[in-house]
Amino acid sequence: QVQLVESGGGLVQPGGSLRLSCAASGTIFSINSIGWYRQAPGKERELVARITSGGTTNYADSVKGRFTISSNNAKNTVYLQMNSLKPEDTAVYYCKAQSRYGMDYWGKGTLVTVSS
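Since we're looking at a predicted model, the values are computed, not measured.

What counts, and where the lines are drawn
Every chain's residues receive numbers from 1 upward, in the order its sequence appears when written. In view of the model being predicted, local features appear only for residues whose pLDDT reaches at least 70, and side-chain atom pairs are presented and counted only at 80 or more, with totals across whole chains, interfaces and linings using the full set of residues. Computation of side-chain values: all heavy atoms of the structure, hydrogens and water removed. In DSSP terms, a helix is any run of H or I states spanning at least four residues, a strand is any run of E spanning at least two, and both are numbered starting from the N terminus. Atoms counted for the radius of gyration: C-alpha only. Globule rule: 2.2 Å times the number of residues to the power 0.38. Burial classes: relative accessible area under 20% of the type maximum marks a residue as buried, over 50% as exposed, and values in between as partly exposed (1.4 Å probe, protein chains only). In this analysis, two residues are considered to be in contact whenever any of their non-hydrogen atoms come within 4.5 Å of each other. Shrake-Rupley sampling with a 1.4 Å probe provides the accessible areas, and residues are treated as covered by the protein chains on show and by no other component. When charges are counted, Lys and Arg contribute as positive and Asp and Glu as negative, whereas His and the chain ends are disregarded. Charge coordinates come from a single atom per side chain, which is NZ of Lys, CZ of Arg, CG of Asp or CD of Glu. The nonpolar core is taken to be a set of buried Ala, Val, Leu, Ile, Met, Phe, Trp, Tyr and Cys residues, with the residues joined through side-chain atoms within 4.5 Å. Two distance rules govern patches: like charges are joined within 9 Å, and nonpolar side chains (Val, Leu, Ile, Met, Phe, Trp, Tyr) within 5 Å, applied only to residues with over 30% relative accessible area and no salt bridge. A side-chain nitrogen of Lys or Arg and a carboxyl oxygen of Asp or Glu constitute a salt bridge if their distance falls within 4 Å. A pair of strands is considered paired only if DSSP assigns at least 2 bridges between the two. Here an angle of 0 to 180 degrees is reported between the N-to-C directions of two axes, which are lines fitted to C-alpha atoms, with helices fitted over the stretch in contact.

Draft legend 1. Inspection of the overall build of the protein at higher detail. For the protein, the helix and strand inventory stands at zero helices and 11 strands. For the protein, the α and β elements follow one another from N to C terminus as β-β-β-β-β-β-β-β-β-β-β. Taking 2.2 N^0.38 as the reference for a compact globule, 116 residues should give roughly 13 Å; the C-alpha atoms of the protein span a radius of gyration of 13 Å, in line with that estimate. For the protein, the C-alpha atoms occupy an extent of roughly 40 × 25 × 25 Å along the three principal directions. Relative to its 116 residues, the protein shows a buried fraction of 40%. Residue pairs at least 24 apart in sequence account for 53% of intrachain contacts in the protein once pairs closer than 6 positions are excluded. Of the accessible surface of the protein, which amounts to about 6,200 Å², a share of 48% is contributed by carbon and sulfur atoms. Between the centroid of the 12 positive side chains of the protein and the centroid of its 7 negative side chains there is a distance of 7 Å.

Draft legend 2. Quick look at the nonpolar core. Residues L4, W36, V48, F67, L80, M82 and Y93 are the most contacted members of the largest nonpolar core, which totals 29 residues. Secondary-structure elements contributing two or more residues to this core are β1 (2–7), β3 (18–26), β4 (31–39), β5 (46–52), β7 (67–72), β8 (77–82), β9 (91–99) and β11 (110–114). If we skip the residues at most four places from it in the chain, V48 touches W36, Y37, R38, N58, Y59, A60, V63, F67, L80 and Y93.

Draft legend 3. View of a nonpolar patch on the surface. Taken together, the side chains of F29, Y101 and M103 present a nonpolar region at the surface, about 390 Å² in accessible area. In this fold, Y101 is placed in the loop between β9 and β10 (104–106).

Draft legend 4. Focus on the sheet that holds β1. With antiparallel pairing, four strands are arranged side by side in an open sheet as β1-β3-β8-β7. Looking at strand neighbours, the two that pair on one side only are β1 and β7, the edges of this open sheet. Averaged over neighbouring strand pairs, the angle between their axes works out to 15 degrees when direction is ignored. Here β7 runs beside β8; their pairing, made up of six bridges, is antiparallel. Pairing of T68 across the sheet is with Q81, part of β8.

Draft legend 5. Highlighting the pairing of β9. Taken across its nine residues, β9 has seven buried, putting it largely inside the fold. Here eight bridges tie β4 to β9, and the two strands are oriented antiparallel to one another. Bridging from a neighbouring strand, Q39 pairs with V92 of β9. Summarising the sheet, β9 and β11 pair through three bridges and their orientation is antiparallel. Looking at β11, one finds that A91 is bridged to V112. Where β9 folds back on β10, the antiparallel hairpin that results is connected by four residues, among which G102 adopts a positive phi of roughly 90 degrees.

This is the structure in C-alpha cells:
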C-alpha cells in the first residue's frame, strides 16, 4: 500500500506562484511514477505533470514552461512548482502513484484558487 498526502494549495493572485508537495509513505519501492492531476468544477480530472522513478518528466501542454515537477527521494516527496498562475489553473490538485504492479494510489487533493 502507498499513502499520499498533498499540501501547499491556497489562494493566489493571477501571475503568482505556489509549490505543491506530495508526501509518499508505505511501499515506496513499488512506485513506478507519480503524477499531479487536477480537476476543475464541472470538468474531468486531467494529468498536469508526471515524473518516473528514473526522473523522466512530462507535462500537459497547458502548463509547459510554467510548471515544474521534481522529486526529493530522501524525503519521499514530489513537488509541483507552479509559476505564472492563471485563473484557469483553479482546481483541486491530486497526486497519483502508479506502482510497478499495476496499482494506482490517490491522495485526497489540495485546492488551488487563482483569483484577484
